[in-house]
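# A structural walkthrough
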Amino acid sequence: MKASARAIEAAWEARNAFAANDEPRAFTEAVRAVSLGDESPDVLDIFRLLGAAFDAEAAAALLGQALEDTWGDWRPAFHAEVAALRFDRLRELGADPKDLAPAAVAALEAAAGGGKDRDAWAWIADPDRREALLAAAGSDPAAIADALEHLAFAPRHAGLQSDASRFAEQSAYAHAANRAVVRAAEVLLYAITKEGGPEATAAREAAKRLETMRKGLIATAARTATPASPPVSAVPDITGACIVLVGGHDGLRAAVRALLAPRKPREIRDLPPSWEGQRGGGVDAAIRGADLTVLIIRQLDHSTGDAAEAAAETFGVAHRRARTASTAAIVAAIDGWAASR
């Protein structure tokens, strides 16, 4: 992402403030500069130095604001670094679990945005931080399924398999009544199995145990169900729809495609973020003739997102934004559109 005039101005202010020993202003301007796309070495040095040393409460607040304001404009490795740094400062403050859990998920989400990129996962692979991230995510039932999903995209070289496998099985047993958590745990364990290596056998056995547990719960529920049980809501119809997934990473888009396939959409197209490069003729080609575009803004740069929304307006295509870069949030955005048709 090329630095804008505003980014250059903020970087200049950061350098001047740092030289004048005005650390609060230097950090504020450095955050603003990198948020706007300036990743020059001297600005990054100021950002990293003060991000780790500046007042923890102020640093966490500024980093949180930067993460919300930038969509996924940063390269995944840098995005993961910023999210991990924010998590560290919140943990240092002894933050409430309701704040720490989403910060942990945001760090995992940012790393997953890098796909197989070793640098993106390096920020999660640190043993102390990894243990704290999983503990924080596991403290909030609302965060667990998303955390499990992001971990499923971790490559073997990230070195997360053993801890991720243990986290998956523990989470599934602790929240056995939560179908989303159990299913996400199974998916993660099978992903570890597919990666191979010494952890694969243990993950395969754990997945089988969870499958047995899940089937047992389903059988028990069937035996105890009564005619008074509320009917299951109908799934919104997307038969024949052409949907464009804008942003996200290859693994996430493939997972959404697999989830939607039984519902018979006509086509699921990809419009990757800028760091993956445009494919298949660019933005207009991807969106022309579609019924819906879904912007995965947590793993999407502004330039691609803005172009996609502009093209959708031009071609009369509906567009929605997914709340997070998770299959659940993406499918919810699609279902919201389908239900409103």
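The structure contained in this document is the topic of the report that follows. (Residues numbered from 1 in each chain as written. Predicted model: local features only at pLDDT ≥ 70, side-chain atom pairs only at ≥ 80, totals over all residues. Heavy atoms only, no water.)

## A look at the overall build of the protein chain
Just so we agree on the cut-off: Under the scheme used here, helices are H or I runs from DSSP no shorter than 4 residues and strands are E runs no shorter than 2 residues, and both carry numbers assigned from the N terminus. Throughout, the radius of gyration refers to the C-alpha atoms, and the reference size of a globule is 2.2 Å times the residue count to the power 0.38. Using a 1.4 Å probe on the protein chains alone, a residue whose accessible area is under 20% of its type maximum counts as buried, one over 50% counts as exposed, and one in between counts as partly exposed. Residue burial considers only the protein chains on display, and all accessible areas are found by Shrake-Rupley using a 1.4 Å probe. Charge assignment in this entry is limited to Lys and Arg as positive and Asp and Glu as negative, and neither His nor the chain termini are counted. Positions of charges follow a simple convention, taking NZ of Lys, CZ of Arg, CG of Asp or CD of Glu.
Secondary structure assignment for the protein chain yields 16 helices and four strands. At 21 Å, the protein chain has a C-alpha radius of gyration in line with the 20 Å of a compact globule built from 341 residues. Principal-axis analysis of the C-alpha atoms places the extent of the protein chain at approximately 75 × 50 × 40 Å. Per-residue burial over the protein chain gives 50% buried out of 341 residues. Here the protein chain displays about 15600 Å² of accessible surface, and carbon together with sulfur accounts for 55% of that area. When the 39 basic and 47 acidic side-chain charges of the protein chain are each reduced to a single mean position, those positions are 8 Å apart.

## Topic: helix α13 (residues 250–260)
What counts here: What the arc measures is the spread of directions leading from the helix axis to the C-beta atoms. The contact rule is simple, with two residues in contact once any of their heavy atoms fall within 4.5 Å.
Within α13, the full set of buried residues consists of Leu252, Arg253, Val256 and Leu260. One face of α13 carries all of its buried residues, which in axial projection span an arc of 95 degrees. Considering only its buried residues, α13 is in contact with α9 (141–151), β1 (242–247), β2 (267–271), β3 (292–296) and α16 (327–340).

## Points about the environment of Ala311
Take Ala311: it is sitting in helix α15 (residues 302–315). Note on Ala311: relative accessible area 5%, which makes it buried. Taking C-alpha positions, Ala311 is 7.7 Å from Arg288, a pair spaced 23 residues apart along the chain.

## Considering the packing of helix α1 (residues 5–19) against helix α2 (residues 23–35)
Definition in use: Under this scheme, a helix contributes an axis fitted over its contacting stretch, all axes are lines through C-alpha atoms, and angles between N-to-C directions fall in the 0 to 180 degree range. Just so you know how the angles are binned, under 35 degrees is roughly parallel, over 145 roughly antiparallel, 65 to 115 roughly perpendicular, and the rest oblique. The hand of a helix crossing depends on one turn: near helix anticlockwise from the far one by less than a right angle means left-handed, and clockwise means right-handed.
One can describe the packing of α1 onto α2 by two numbers: an axis separation of 8 Å at closest approach and a directional angle of 160 degrees. As summarised for this structure, α1 and α2 are arranged roughly antiparallel, according to the angle between their axes. Both α1 and α2 take part in a crossing whose hand is left-handed. Contact residues: Arg6, Ala7, Ala10, Ala11, Glu13, Ala14, Ala17 and Phe18 in α1; Arg25, Ala26, Glu29, Ala30, Arg32 and Ala33 in α2.

## Some words on the nonpolar core
In globular proteins that are soluble, nonpolar side chains generally tend to be buried together. Rules: Put simply, buried Ala, Val, Leu, Ile, Met, Phe, Trp, Tyr and Cys residues joined by side-chain atoms within 4.5 Å make one nonpolar core.
In this structure, Phe27, Phe47, Leu148, Ile243, Val294 and Ile330 are the most contacted members of the largest nonpolar core, which totals 95 residues. Among the elements that take part in this core, helix α6 (residues 97–112) stands out by supplying ten residues, more than any other. Among residues more than four places away in sequence, those in contact with Leu148 are Phe167, Ala168, Ser171, Val181, Ala184, Ala185 and Leu188. Within the second largest apolar cluster, 15 residues are counted, among which are Leu271, Leu295, Ala308 and Val317.

## Regarding empty space enclosed by the protein
Operational definition: Using a 1 Å grid laid over the protein atoms alone, points where a 1.4 Å probe fits but cannot get out form a cavity; open sets with protein on both sides within 12 Å along at least 5 of 7 lines form a pocket; any residue with an atom within 4 Å of a point counts as lining. Grid points are joined across faces, edges and corners, and a volume is the space filled by probe spheres set on the points.
Taken as a whole, this structure holds one cavity of 30 Å³ or more when the rule is applied. Of the volumes computed, that of the largest cavity is approximately 30 Å³. Considering the residues around the largest cavity, the lining is formed by Trp74, Pro76, His79, Ala110, Gly113, Trp275, Arg298 and Gln299.

## Brief notes about the side chain of Arg130
On the secondary structure map, Arg130 appears in helix α8 (residues 127–138). Residues within four places of Arg130 in sequence aside, it is in contact with Ile124, Ala125, Gly159, Leu160 and Asp163.

## Focus: unusual backbone geometry
What you tend to see is this: most non-glycine residues have negative phi, and most peptide bonds are trans. The phi dihedral of Asn21 falls on the positive side, at around 60 degrees, and the residue is not glycine. Along the polypeptide, Asn21 turns up in the loop between α1 and α2. For Asn21, a relative accessible area of 67% corresponds to the exposed category. With a phi angle near 60 degrees, Lys264 is a residue other than glycine that sits in the positive phi range. Relative to the helices and strands, Lys264 resides in the loop between α13 and β2.

## Points about the sheet that holds β1
Note the following rule: Between any two strands, pairing holds if DSSP finds at least two bridges.
Across the sheet, which stays open at both edges, the four strands sit in the order β2-β1-β3-β4 with parallel pairing between neighbours. Strand pairing shows two members of the sheet lacking a second neighbour, β2 and β4 (318–321), which therefore form its edges. Going from strand to strand, the sheet's axes swing by 20 degrees on average, the running direction of each strand aside. Sheet topology places β1 next to β3; five bridges connect them, and they run parallel. Following the sheet pairing, Gly247 is matched in β3 by Ile296. Packing of α16 onto the sheet brings it into contact with β1, β3 and β4, and relative to β3 it is tilted by some 150 degrees.

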